[in-house]
Amino acid sequence: MIDMWDDEKIHAFQKTLLKWYDEAGRSTLPWRADHSPYRVWVSEIMLQQTQVSTVIPYFNRFMQAFPTVDDLAKAPEADLLKAWEGLGYYSRVRNMQKAAQQIVNDFDGAWPNTMQTLEALKGVGPYTAAAIASIAFNEPVAAIDGNAFRVFARLFEIDADIAQPATRKLFFELGNQIIDQERPGDFNQAIMDLGSSYMSAKNSDPAHSPVREFDASYQNGTTDLYPVKSKAKKAKPVHYAAMVIKNDDTYLWEKRPEIGLLANFWTVPLFNIDDFVNDRDVNWSETEIQNALEKQLFEQYGVKVDLTKRNLAPITHIYTHQKWFVSVFEGTVVQDQVPKQGEWKTMTDLNRDPQPKIQEKIWKKLS
DNA sequence: TATCCGTGGAT
DNA sequence: TATCCAAGGAT
């Protein structure tokens, strides 16, 4: 199992780590300017599965637009999604608003101030709760994110698979044993800074790490073996026809379902055409696919359409579990009529809605 | 427990 | 190009 350090070594590690953090940590990150729970929380949610350099401009704009938890609680959802547009994992911002309303309504505006009570907030799991509790409220709990998994796995040569949810408990208990009791928030952030520099996933430099004396994997030359992580499944290919249908100066536009991928986002109609696609590339009879698409537009949307252009070279867009191949079709309505499903909107109107990246790619593909 | 949920960057 | 990684959480 784990070759646990004695108290003396733990204290030496804390001292070495925090000394380095004070001298070389990323002190200029905007969410480190102060440790108010609101700022810490917003930054932690944005940073989930998202790189620091990506988050910085979003964070600054978000704090301008929604300076307090009250502002966030009462903001229109469209404004929130527009502020989040391009960040991905959009349920994060929807859950954030629900959590803001929990704080305002259920807790009378007072922040929960322990890891355990913070986990009651929507979208706040074990990692984020520990991060807020330690950074904003000085509670000595380990925040186990991807960095902490990697750093601890290397320091102690831990062979448990970090892709297994059950492994989180092991790392959490280890972290709680070595966390600095006086400066838990700085300790957690120091581990993250270490994990994004000397002990990063790629281009690590353990020989110059401030904690190399404590790094068993470096001492034994096994850095590349840690962390142990099982491989993710490959994304499943899915084929769509994007229907860009014009009616004078408007386009056919519809809202996606409330749950699932890109929930509630507006896009042009996207038809699944896996049935028309052979193996790995478009391979269909021209008249067959064209007739099928026009038929579906009439039956599902109630509009008669003349398809005029097609782009057989598909756009590709990769999600975590799906790889989309999107062929863009253009057409015009034969006669003006109100659609059974979706709406006609001008380009000006639809640019006001937040759009997923795939929709941007579709617009760019138009001839 | 396994799967789902976006996007951008690095190699 | 394919793959992995990036301050995870909900179901």
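Per an unreviewed UniProt entry, chain A goes by the name Adenine DNA glycosylase and belongs to Weissella viridescens. For the record of chain A, the UniProt heading Catalytic activity (unreviewed entry) holds the text "Hydrolyzes free adenine bases from 7,8-dihydro-8-oxoguanine:adenine mismatched double-stranded DNA, leaving an apurinic site." Here chain A is described in UniProt, under the heading Sequence similarities (unreviewed entry), as follows: "Belongs to the Nth/MutY family."

Caption draft 1: Structural context of the protein's contact with DNA strand B. Surrounding DNA strand B, one finds 22 residues, the nearest of these being Tyr90, Asn203, Leu261, Leu262 and His321. Protein-adjacent atoms of DNA strand B, using a 4 Å cutoff, are sugar or phosphate at a proportion of 62%. Leu261 places a main-chain nitrogen or oxygen 2.9 Å from a phosphate oxygen of DNA strand B. Along the lines of polarity and charge, the residues of the surface near DNA strand B split into nine nonpolar, eleven polar and two charged.

Caption draft 2: Highlighting unusual backbone geometry. A cis amide bond links Tyr226 to the next residue, Pro227, at an omega of 0 degrees. Along the polypeptide, Pro227 turns up in the loop between helix 12 (216-219) and strand 1 (236-247). Phi at Glu157 takes a positive value of approximately 50 degrees, unusual for a residue other than glycine. Assignment of secondary structure puts Glu157 in the loop between helix 9 (146-156) and helix 10 (167-178). Accessibility expressed as a relative area gives 22% for Glu157, which makes it partly exposed. Backbone geometry at Asn203 places phi at a positive 55 degrees, although glycine is not the residue there. Counting through the fold element by element, Asn203 comes out in the loop between helix 11 (184-195) and helix 12.

Caption draft 3: Region of the structure containing the UniProt feature "domain: HhH-GPD" (unreviewed entry) in chain A. In this numbering, the UniProt entry assigns the feature "domain: HhH-GPD" (unreviewed entry) to residues 46-197. The span residues 46-197 is 62% helical and 0% strand by assignment, and the distance between its end C-alpha atoms comes to 20 Å.

Caption draft 4: The packing of aromatic side chains, seen in detail. Taken as a whole, this structure holds 18 aromatic pairs when the rule is applied. Relative to Phe13, the ring of Trp5 lies with its centre 5.0 Å away and its plane at 55 degrees, an arrangement referred to as tilted. With respect to class, Trp5 is no different from Phe13; both count as buried. Relative to Trp363, the ring of Tyr251 lies with its centre 5.4 Å away and its plane at 70 degrees, an arrangement referred to as edge-to-face. Of this pair, Tyr251 sits in strand 2 (residues 250-255) while Trp363 sits in helix 15 (residues 357-365), and the two are 112 residues apart along the sequence. The two residues Tyr251 and Trp363 agree in class, both being buried. Among the aromatic residues, those joined into a cluster by ring pairs are Trp5, Phe13, Phe156, Phe187 and Phe214. Arg61 extends its terminal NZ or CZ atom over the ring of Tyr58, reaching a point 4.8 Å from the ring centre. Between Arg168 and the ring centre of Phe172, over which it is positioned, the NZ or CZ distance is 5.4 Å.

Parameters and conventions
Residues numbered from 1 in each chain as written. Chains lettered and ligands numbered in written order. Predicted model: local features only at pLDDT ≥ 70, side-chain atom pairs only at ≥ 80, totals over all residues. Heavy atoms only, no water. UniProt positions renumbered as here; feature names shortened; annotations may be inferred. Near = heavy atom within 4 Å. Polar contact = N/O pair within 3.5 Å; in protein donor to acceptor, adjacent residues only side chain to side chain. Nonpolar A, V, L, I, M, F, W, Y, C, P; charged D, E, K, R; others polar. Helix = DSSP H or I, 4+ residues; strand = E, 2+ residues; numbered from the N terminus. Buried < 20%, exposed > 50% of the residue type's maximum accessible area, 1.4 Å probe, protein only. Phe/Tyr/Trp six-rings, centres within 6.5 Å; stacked < 30°, edge-to-face > 60°. Lys NZ or Arg CZ within 6 Å of the ring centre and 35° of its normal.

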